[in-house]
Amino acid sequence: MIYINPGKEQWADITRRPVFDYTSLEDIVLPVLQDVKEYGDAAVRKYTLQFDKVTLANLGVLPEEINRAAGSLEEELKNAIGIAAANISKFHRTQVEEIHKIETTPGVVCWRKPVGIETVGLYIPGGTAVLFSTLLMLAIPAQIAGCRNIVVCTPAGQDGNIHPAVLYTASLLGITDIFKVGGVQAIAAMAFGSETIPKVDKIFGPGNQYVTAAKQMVNRLGVAIDMPAGPSEVAVYADETCVPAYVAADLLSQAEHGVDSQVVLVASSAGIVESVKKELEAQLKELPRKEIATAALQHSRFVVMNDEDMAFELLNRYAAEHLILASQNAESLAEKVINAGSVFLGNYSPESAGDYASGTNHTLPTNGYATAYSGVSVDSFVKKITFQQLSKEGIINIGPAIEAMASAEGLEGHRRAVRIRNPQT
């Protein structure tokens, strides 16, 4: 659908995502969660056979399976994975927080220390596309954060094996706790633990509507997850300095993710929209996943906004997972961005770069959650513990303030805990 300089009363329609009511899945998902919680491995095997048509002798990946993976991949792909791993590591290492001790009052020292979450579960999809890149995006910051135990669940193919690119990536990162389990049963196993699969403290990773619903449900039961999730999306701002062929390619790269993906183009003129649409038609014919992309394009938006400030007000309202600024003036335009998961500046910065190898993380907030959530980072894998140490001088200096506040709140025990250390006040 094309909108020409739409008024704000139309913005709700433009920014609306493909609607899916995850509560409607609860009748399907809840019994699986309950079964796995109660029956462990037996339930995991049952649902893997039922949903994936795979019979598993071993839930865990054997060392020899990991060793064989490297031999089945082309050197070009192994080198590419190595480059991506190096860049992702380089970028995420800058996120490690130093400890700063602050003396807030003479004798009162406070600081905060990031501590890695002890056990994390990484879900790596294996449906219409095997996303081994997601393992890089999740495992590398987890390792940098200092997580002691990293558990990976990913579905096996019909032959009962995991894609060798996933296993090679795991081997490259030194990860050995890998399980051939996908879907709701994988989320349940990581949330509650089974005889074979460890219980984790926090679950990360994208998935289909059932996986997403399962994550939301275990989150309500007290298991932490990375972020709320929905179908993947991209918004592109294009002005007269864009390259329409590049813009079309970027839109299609997102549309091919899934039939529920959404792409939004906000252009400074109607001519740009028409040029991009012609390119879309031509490029779509050559796209292997054209049926998926075509379906996604059916609920996507094309908007002409002559006023640049209004265009960015609309884009900030949309709060895209990925935002591409297809303009030679992208760096200046980026100052207008308030809400987005990850931003790609200029005509030579495709979303694909961030998806794979530039170094930034591709696990990002969708469905408008970029208004309040960040993408996955080292911070996602740590909890930050505050410390304070008071000397005798410190309790003398700050004690009267504490006692006055405790008395005002009627908490005499709090006041006495200070007074007993400083009886002369």
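Up top you'll find the structure we're talking about.
The present account deals with the structure reproduced in this document. Every value quoted in this text rests on a predicted model; they were computed, and no experiment measured them. Sequence order sets the numbering: in each chain, residues are counted from 1 along the sequence as written. Where local features are concerned, this predicted model is filtered to residues with pLDDT of at least 70; where side-chain atom pairs are given and counted, the filter is 80 or more; whole-chain, interface and lining totals use all residues. With hydrogens and water set aside, each side-chain value is computed from the structure's full complement of heavy atoms.

### So, the overall build of the chain
Helix and strand counts for the chain stand at 17 helices and 14 strands. Over its C-alpha atoms, taken along the principal directions, the chain stretches across nearly 85 × 60 × 45 Å. Exposure is judged per residue with a 1.4 Å probe applied to protein chains only, and the accessible area is read against the type maximum: over 50% gives exposed, under 20% gives buried, and values in between give partly exposed. Residues classed as buried in the chain amount to 48% of the 425 residues present. For the chain, the accessible area works out to roughly 20300 Å², and carbon and sulfur atoms hold 52% of it. Averaging the positions of the 35 positive and the 48 negative side-chain charges in the chain gives two centres separated by 8 Å. Numbering of helices and strands runs from the N terminus; a helix is a DSSP stretch of H or I covering at least four residues, while a strand is a stretch of E covering at least two. Note on areas: these come from Shrake-Rupley sampling with a 1.4 Å probe, and a residue is covered only by the protein chains present in the view. Counted as positive: Lys and Arg. Counted as negative: Asp and Glu. His and the chain ends are not counted at all. Charge positions come from single atoms, namely NZ of Lys, CZ of Arg, CG of Asp or CD of Glu.

### Looking at the pattern of salt bridges
When a carboxyl oxygen of Asp or Glu is within 4 Å of a side-chain nitrogen of Lys or Arg, the pair counts as a salt bridge. Applying the stated criterion across every chain yields a total of 18 salt bridges. Linking Lys78 and Glu75 is a salt bridge whose minimum nitrogen-to-oxygen distance equals 2.8 Å. Pair noted here: Lys78 and Glu75 are both in helix α5 (residues 75–93), with a separation of three residues, about one helical turn. Measuring nitrogen to oxygen at the nearest pair gives 2.9 Å for the salt bridge that ties Glu403 to Arg419. Remark: Arg419 occurs in helix α17 (residues 412–419) and Glu403 occurs in helix α16 (residues 392–408); sequence separation between them is 16 residues. Classification of Arg419 as partly exposed rests on a relative accessible area of 29%. Through salt bridges that share partners, Glu403, Glu412, Arg415, Arg416 and Arg419 make up one connected network.

### Some thoughts on α5
A helix is expected to span 1.5 Å multiplied by its residue count minus one. Compared with the 27 Å implied by 1.5 Å per residue over 19 residues, the 27 Å span of α5 between its first and last C-alpha is a close match. Turning to α5, its buried residues number three or more, namely Lys78, Ile81, Ala84, Ala85, Ile88, Ser89 and His92. On an axial view of α5, the arc spanned by its buried residues comes to 130°, and they lie on one face. Of the residues in α5, the exposed ones pointing more than 90 degrees away from the buried face are Glu76, Ile83 and Lys90. Only heavy atoms enter the contact rule, under which two residues are in contact if any of them lie within 4.5 Å. Against the buried residues of α5 lie α4 (63–71), α6 (132–145), α7 (164–173) and α15 (351–356). The arc refers to the directions leading from the helix axis to the C-beta atoms.

### Describing the packing of helix α2 (residues 26–39) against helix α3 (residues 41–52)
For helices, the axis comes from a line fit to the C-alpha atoms of the stretch in contact; other axes are also lines fit to C-alpha atoms, and the angle between any two N-to-C directions lies between 0 and 180 degrees. Between α2 and α3, the shortest axis-to-axis distance is 6 Å and the interhelical angle comes to 145°. Counted together, Pro31, Val32, Asp35, Val36 and Tyr39 of α2 and Asp41, Ala42, Ala43, Val44, Lys46, Tyr47 and Phe51 of α3 form the full contact between these two elements. Following the grouping adopted for this structure description, the nonpolar residues are Ala, Val, Leu, Ile, Met, Phe, Trp, Tyr, Cys and Pro, the charged ones are Asp, Glu, Lys and Arg, and the polar ones are all others, Gly among them. When grouped by side-chain class, the residues that make up the contact of α2 with α3 number nine nonpolar, no polar and three charged.

### Focus: the nonpolar core
Here, nonpolar core means buried Ala, Val, Leu, Ile, Met, Phe, Trp, Tyr and Cys residues that are tied together by side-chain atoms lying within 4.5 Å of each other. Counting residues in each nonpolar core, the largest one holds 40 residues, and the members touching the most others are Val120, Leu122, Leu135, Ile175, Ile178 and Phe381. When residues of this core are traced back to their parent elements, those giving at least two are α4, α5, β4 (119–123), α6, β5 (149–153) and α7. At ten residues, the largest contribution of residues to this core is made by α6. Contact partners of Ile175, with chain neighbours within four places excluded, come to Ile66, Leu135, Ala139, Gln143, Ile150, Val152 and Ala170. Ranked by size, the runner-up nonpolar core spans 36 residues in total, among them Val44, Met190, Phe192 and Ala214.

### Description of the environment of Ala255
As for its placement among the helices and strands, Ala255 is situated in helix α10 (residues 244–255). Looking at Ala255, the relative accessible area reads 0%, which means it is buried. Between the C-alpha atoms of Ala255 and Glu76, which are 179 residues apart in sequence, the distance is 26 Å. If near-sequence neighbours (up to four positions away) are discounted, Ala255 is found in contact with Ser261, Val263, Ile292, Ala293, Ala296 and Leu297.

### Description of the packing of aromatic side chains
Each pair of aromatic rings taken from Phe, Tyr and Trp, with Trp reduced to its six-membered ring, is defined by centres within 6.5 Å and is described as stacked if the planes are under 30 degrees apart, edge-to-face if over 60, and tilted in the remaining cases. On inspection of all chains with the given rule, the structure shows six aromatic pairs. Aromatic pair Phe204 and Phe381: ring centres 4.0 Å apart, planes at 15°, arrangement stacked. Within this pair, whereas Phe204 is found in strand β7 (residues 202–204), its partner Phe381 is found in the loop between α15 and β14 (382–390), the two being separated by 177 residues in sequence. On the basis of relative accessibility, which here comes to 0%, the residue Phe204 falls in the buried class. As a reminder, the over-ring test applies to NZ of lysine and CZ of arginine, requiring each to be within 6 Å of the ring centre and within 35 degrees of the ring normal. In this structure, Lys101 packs its charged tip against the face of Trp111, placed 4.2 Å from the ring centre.

### A short note on the environment of Asn397
When you line up the elements, Asn397 lands in helix α16. The class for Asn397 is partly exposed, based on a relative accessible area of 38%. Taking the C-alpha atoms as reference points, Asn397 and Gly107, separated by 290 residues in sequence, lie 7.7 Å from one another. Other than its neighbours up to four places away in sequence, Asn397 contacts Thr105 and Pro106. There is a polar contact of 2.9 Å between the side chain of Asn397 and the backbone oxygen of Pro106. For this analysis, a polar contact is any N or O atom pair within 3.5 Å, provided that within protein one partner can donate a hydrogen and the other can accept it, and provided that sequence-adjacent residues contribute only side-chain to side-chain pairs.

### Quick notes on α2
A rise of 1.5 Å per residue sets the reference length of α2, with its 14 residues, at 20 Å; its end C-alpha atoms lie 19 Å apart and thus fit the reference within 8%. All of the buried residues along α2 are Val29, Val32, Leu33, Asp35 and Val36. What you see down the axis of α2 is that its buried residues fit within an arc of 165°, all on one side. Facing away from the buried side of α2 by more than 90 degrees, the exposed set consists of Asp27, Lys37 and Glu38. Its buried side turned inward, α2 meets α3, α8 (183–192) and α9 (209–220). Positioned one or two residues after α2, Gly40 has a phi angle of 60°, which is positive.

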